[in-house]
Protein chains: 2
Amino acid sequence: MSPLPDLIRRLGSQVLTDPADLVGYSSDASRARPEGLPAAVVIARSSAVAAAVEWASSNYVRVSVRGSGTGLAGGAVAYPGGLVISLAELNKIVAIDPANRLADVQAGVITANIDRAAAEHGLMYAPDPASSRESTIGGNIATNAGGLRCVKYGVTADSIAALEVVLASGEIIHTGSRTRKNVVGYDLTSLFVGSEGTLGIVTAATVRLRPRPVGTTVTFRAAFPTIAAAGRAVTAIMTSDVVPEVLELMDRTSVELVEKFSPTGLSTDGAAALLVGQFIGSTATSDLEQATTMSRRAGAISVEQAEGDILLEARRVSSRALSAEGPRVSSDVALPIARLADMFEAIERISAEEGVPIPTFAHAGDGNLHPSVIVRGDSDEVSDDAERILDRITDTALSLGGTMSGEHGVGSLKHGSLAKQLDPATMAAHRLIKSVFDPKGILTPGRGI
Amino acid sequence: MSPLPDLIRRLGSQVLTDPADLVGYSSDASRARPEGLPAAVVIARSSAVAAAVEWASSNYVRVSVRGSGTGLAGGAVAYPGGLVISLAELNKIVAIDPANRLADVQAGVITANIDRAAAEHGLMYAPDPASSRESTIGGNIATNAGGLRCVKYGVTADSIAALEVVLASGEIIHTGSRTRKNVVGYDLTSLFVGSEGTLGIVTAATVRLRPRPVGTTVTFRAAFPTIAAAGRAVTAIMTSDVVPEVLELMDRTSVELVEKFSPTGLSTDGAAALLVGQFIGSTATSDLEQATTMSRRAGAISVEQAEGDILLEARRVSSRALSAEGPRVSSDVALPIARLADMFEAIERISAEEGVPIPTFAHAGDGNLHPSVIVRGDSDEVSDDAERILDRITDTALSLGGTMSGEHGVGSLKHGSLAKQLDPATMAAHRLIKSVFDPKGILTPGRGI
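Residues numbered from 1 in each chain as written. Chains lettered and ligands numbered in written order. Predicted model: local features only at pLDDT ≥ 70, side-chain atom pairs only at ≥ 80, totals over all residues. Heavy atoms only, no water.

What follows deals with the pattern of salt bridges. Residues and elements named next belong to chain B. Applying the stated criterion to the full structure yields 52 salt bridges over all chains. Note that E54 and R10 form a salt bridge whose closest N and O atoms lie 3.7 Å from each other. Linking E54 in helix α3 (residues 48–58) with R10 in helix α1 (residues 4–11), this pair joins segments that are 44 residues apart in sequence. The class of R10 is partly exposed, set by a relative accessible area of 34%. (Salt bridge = Lys/Arg side-chain N within 4 Å of Asp/Glu carboxyl O. Helix = DSSP H or I, 4+ residues; strand = E, 2+ residues; numbered from the N terminus. Buried < 20%, exposed > 50% of the residue type's maximum accessible area, 1.4 Å probe, protein only.)

Following this line, the structure appears as structure tokens:
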């Protein structure tokens, strides 16, 4: 007997089984494709997550979890015959607590909405993935998402104070605290942040807010003759005394594709790469002078002030602009900050050797690069050839002391490559944790760790 | 047959069994007392940690780990018949990497020495527990230690990039990365930081360095008629736009005892509490003006600039000064920043009701308080009465949304009280992790989690 009627009995209208819904909830924004339709989708409200997980656990049904489905690593793709739990309706900002600079939110809240609510109190929620107007805080927590402002304020993990998590057993635990310091117990909060739904399902969070930066805002745009020169400028800036609010890079192809997709007047003027940086506050003008000097010393052709909103918007739409061009496979490597120029040179070399364009944009100040291998020929499908070229990029990043994912997560796409980065004993330690939190292997199995 | 000869055969002169050594390595700086002598002490060099743990695991011998033995929660006290592993000789700063702002260090390096080595490159290792000239980075990592500068730069966990850890099996794992961002695998680094030796033994770390603050340094001393008024000033400052380098509090009794112990000319001039704050950088002077205004608004009797080194040194010796007076039991509660005044009022009330002095100093800007209950009468021993009064303080902190330990750790002293703070399901999740990493229960059992 199918156990589905039991799920429907428990959760009523929160359960969707219409084939059109099953299809709609099966994919995310990555190139990973579902291997079949799930059995059901639960649009969770209130305590439905625990009930849904209990049901899945009792029936050995694999569970994938999704917010807005903007993930880029295949973490939210449905399992054939599996259960999709959508947290999109758990979208309440429960409280903003300006006196303690905290916000209590449900997992399905759109990240930018937290920042907007904080702004009413002169505060901000700092992490701002390019997708922040669509992606949910739960998804950001699952992948430990980065973003443009992270170069100054840290990644999602650095802004999470406490979590409510539903475990594979359906039990609910509470991690962290509302204090600035707390050393009681293991740091389960950090363990769950970035765990990609493999250890439990985060249903609510207490996030840290910061003062919204005020004062003079200056944005600059520096053009470089080579992308490696831009990399050297980034290394210099990030090992100086100035701390940019934002320090992003776009190469020539990325700029051209963005202009085609959503014209803003941005241009490289023939340069190989643009660096876009921003400073806010009382030292902004002198910071800009220093960044200008360092950029010129690294070989910048021009450094000029520019309209920040346009530049940052261009960077935010980069991923969509590239995707609009056709199939590509994109990377998310991160490098030690001193190896940026080496990595950019390697990407150029690989592009030349393989004869394919590899447009690259980057959260440069964090050493986090998103090179994309454009799929050649007429194929609509991602080819083995493109994946092979992507592997060359990943291997190069690892050989330079980098990581294969800076912010998108391992998901299904990089799951098979983990052994490239983690030695066997370290991998075994990860798997121990997975096995003890999810002994039946129902929570996002075969992804992340 | 005793397994000791086997340990000696494996590790030679690194093994101490002389009774004088066994006594010397049995206690830490807390009030916890060993219940008996350990069987042996290993002064580990190179790969001895793994060999010693393997031996302990094979023979079901309980292991305690120590650096300088400055811990305040009984985490490093020896087990009767157990094995003490000292990491004090693993004291090499392997490399300072200014280009990536990282330092590679062994676990036994004295924390202040890392900061000193970083200073040669214009960098700093930010976390500075009051014990930083004696305590080791390994001990700081085990407890996720705080310190004076943590109010601006975060606690130890915020400065750890990667770890080498010896597991209970003797296997060695490597967590983290040398990049600013990394989402491959679970955040095992954060899991081990603060785990108090219960999951594995950290033998080496890659720590993050920051630019050493430069520019104008101003230090102020604000005197308040009540400690609660000082608390209100701290809350105001910490929810304003200024970010102090340091924001410490000492009440009248603490100041008097420090002056008796190590005269610096510090005085409360009859006020109930002093707040000591520092600002560094181009905005230091205007920051000071704002802090002065907020302090006066909260009721400060006087706010004046003062010699920073003297004030901060007074704060650093507070703990030793109080200990020199005789037996006391000290607390390490942390509060949400908006509840500081409530907590200070509660401490005054408890002190009055119980008729005992409770001198209090605090990393006030972090909401982390160290009230000490002075043991009454002639007893040289910590009394049940003092412990009961300490429990009242802990319970009050928890009822205000706080935590029972901000930076010292749970150790053996608070192990029995964990259920006050962690609900049963959350506690069970902690114990799952402990059980899977240490199935035989040999690593610092009965302490921390």
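From this point, the discussion proceeds with the structure in view.
All right, on to the packing of helix α8 (residues 227–238) of chain B against helix α10 (residues 284–297) of chain B then. All names here are of chain B. The contact between α8 and α10 brings their axes to 8 Å, and the two run at 140 degrees. Between α8 and α10 lies a crossing whose hand is right-handed. Here A233, A236 and I237 of α8 come into contact with α10, specifically with A291, M294 and S295. Partitioning the contact of α8 with α10 into residue classes produces five nonpolar, one polar and no charged. (Axes fitted to C-alpha atoms, helices over the stretch in contact; angles between N-to-C directions. Left-handed = near helix turned anticlockwise from the far one by under 90°. Contact = heavy atoms within 4.5 Å. Nonpolar A, V, L, I, M, F, W, Y, C, P; charged D, E, K, R; others polar.)

Here we come to the nonpolar core. By size, the foremost hydrophobic cluster in this structure holds 74 residues, and its most contacted members are A:V207, A:F437, B:V207 and B:F437. Apart from the residues within four sequence positions on either side, B:V207 is in contact with B:R101, B:L102, B:A103, B:V105, B:I114, B:Y125, B:I137, B:S159, B:I160 and B:A161. (Core = buried A, V, L, I, M, F, W, Y, C linked by side-chain atoms within 4.5 Å.)

Moving on: the side chain of A:S405. Considering the arrangement of structural elements, one finds A:S405 in the loop between α14 (384–399) and α15 (418–421). Polar side-chain contacts of A:S405 include one of 2.6 Å to the side chain of A:D332. The residues touching A:S405, leaving out its near neighbours within four places in the chain, are A:D332, A:K414, B:N182, B:V183 and B:V184. (Polar contact = N/O pair within 3.5 Å; in protein donor to acceptor, adjacent residues only side chain to side chain.)

For the pair chain A and chain B, the relating rotation is 180 degrees, the translation along its axis is 0.0 Å, and the fit reaches an RMSD of 0.0 Å. Expressed as a symmetry operation, the mapping of one chain copy onto the other fits a two-fold axis. When the interface residues of chain A are mapped onto chain B, 100% of them are again interface residues, pointing to one common binding face. (Least-squares fit on C-alpha atoms with pLDDT ≥ 70 in both.)

All names here are of chain A. Taken together, the four strands give an open sheet; going across it, the order is β1-β2-β4-β3, and neighbouring strands pair in mixed fashion. Two strands bound the open sheet, and with one partner strand each, they are β1 (15–16) and β3 (63–66). With two bridges connecting them, β1 and strand β2 (residues 40–43) associate as antiparallel partners. For L16, the partnering residue across the bridge sits in β2 and is V41. Its contacts with the sheet put helix α1 (residues 4–11) on β1, β2 and β4 (83–86), and the angle it makes with β2 is roughly 15 degrees. Helix α3 (residues 48–58) rests against β2, β3 and β4 of the sheet, and its axis sits at about 170 degrees to β4. (Pairing = 2+ DSSP bridges.)

This paragraph deals with the packing of aromatic side chains. For the structure shown, the criterion picks out four aromatic pairs over all chains. Seen in terms of ring centroids, A:F192 and A:F437 are 5.7 Å apart; in terms of plane orientation they differ by 80 degrees. Their pairing is edge-to-face. Residue A:F192 is located in helix α7 (residues 188–192), and its partner A:F437 is located in helix α16 (residues 424–437); the two are separated by 245 residues in the primary sequence. Exposure remark for A:F437: the relative accessible area of 4% places this residue in the buried category. Both rings, one in B:F220 and one in B:F279, keep their centres 6.2 Å apart while their planes meet at 15 degrees; by these two values the pair is stacked. Taken together, the positions of B:F220 in strand β12 (residues 217–224) and B:F279 in strand β14 (residues 273–280) put the pair 59 residues apart, joining distant regions of the chain. For the pair B:F220 and B:F279, one class covers both residues: buried. (Phe/Tyr/Trp six-rings, centres within 6.5 Å; stacked < 30°, edge-to-face > 60°.)

For the rest of this paragraph, the subject is the side chain of A:S159. Its location among the elements puts A:S159 in the loop between α6 (150–153) and β8 (160–166). On the basis of relative accessibility, which here comes to 1%, the residue A:S159 falls in the buried class.

Turning our eyes to something else, we now look at the domain arrangement of chain A. Structurally, chain A comprises domain 1 (4–86), domain 2 (93–211) and domain 3 (216–399). If you average the C-alpha positions of domain 1 of chain A and of domain 3 of chain A, the two centres end up 36 Å apart. (Domains from an automatic or database assignment.)

What follows is about the interface of chain A and chain B. On the chain B side, the residues contacting the 72 residues of chain A number 73 residues. For the pair chain A and chain B, the summed buried area comes to about 5600 Å², and 61% of that belongs to carbon and sulfur atoms. In this assembly, chain A and chain B are joined by four salt bridges. Between B:E407 and A:K181 there is a salt bridge, with its nearest N and O atoms 2.8 Å apart. (Buried area = accessible area lost by both parts, 1.4 Å probe.)

So, about the sheet that holds strand β16 (residues 328–330) of chain B. All names here are of chain B. Taken together, the seven strands give an open sheet; going across it, the order is β15-β12-β14-β13-β17-β18-β16, and neighbouring strands pair in antiparallel fashion. Lying at the two open borders of the sheet, with one neighbouring strand each, are β15 (302–305) and β16. For this sheet, the mean angle separating the axes of adjacent strands, direction not counted, is 15 degrees. Direction of pairing for strand β13 (residues 246–251) relative to β14: antiparallel, over a ladder of six bridges. Across the sheet, the residue bridging to L247 is G277, located in β14.

This next bit is on the environment of B:L11. Residues and elements named next belong to chain B. Turning to its location among the elements, L11 is positioned in helix α1. Here the alpha-carbon distance between L11 and R221, two residues 210 residues apart in the chain, equals 53 Å. Not counting chain neighbours up to four residues away, the residues in contact with L11 comprise V42, A48, A51 and A52.

This part takes up the pairing of β2(A). Residue and element names in this part refer to chain A. Alternating positions in β2 separate into two faces, A40 and V42 on one and V41 and I43 on the other, with burial throughout. Examined bridge by bridge, β2 and β4 share four bridges and lie parallel to one another. Residue pairing for β4: I43 is matched across the bridge by S86.

Another aspect to go through is helix α10 (residues 284–297) of chain A. Residues and elements named next belong to chain A. Here α10 is 14 residues long and its end C-alpha atoms lie 20 Å apart, about the 20 Å a rise of 1.5 Å per residue gives. Listed in full, the buried residues belonging to α10 are A284, D287, L288, A291, T292, M294 and S295. Tucked inside the fold, the buried residues of α10 contact β12 (217–224), α8 (227–238), β14 (273–280) and β15 (302–305). In the segment just after α10, G299 is the residue with positive phi, at about 110 degrees. (Expected span 1.5 Å × (residues − 1).)

So, about the pairing of strand β18 (residues 368–374) of chain A. Residues and elements named next belong to chain A. Summarising burial for β18: six of the seven residues are buried, a large majority. Taken together, the three bridges between strand β16 (residues 328–330) and β18 define a ladder with antiparallel strand orientation. Across the sheet, residue R328 finds its bridge partner in β18, namely I374. Here strand β17 (residues 360–363) folds back onto β18 in antiparallel fashion, the turn holding four residues, of which G367 has a positive phi close to 70 degrees.

What follows covers the environment of B:Q421. Along the chain, the position of B:Q421 falls in helix α15 (residues 418–421). The exposure class of B:Q421 is partly exposed, given its relative accessible area of 21%. Ignoring sequence-local partners within four residues, the contact set of B:Q421 consists of A:N182, A:V184, B:L398, B:G402, B:T403 and B:M404.

Turning our eyes to something else, we now look at unusual backbone geometry. Unusually for a residue other than glycine, A:S46 sits at a positive phi of about 40 degrees. Relative to the assigned elements, A:S46 resides in the loop between β2 and α3.

Residues and elements named next belong to chain B. Along the chain, S30 turns up in the loop between α2 (19–24) and β2 (40–43). When its relative accessible area of 6% is taken as the criterion, S30 is described as buried. For the pair S30 and S267, spaced 237 residues apart in sequence, the C-alpha to C-alpha distance is 28 Å. Setting aside residues up to four positions removed in sequence, S30 forms contacts with G71, L72, A73, G74 and L413.

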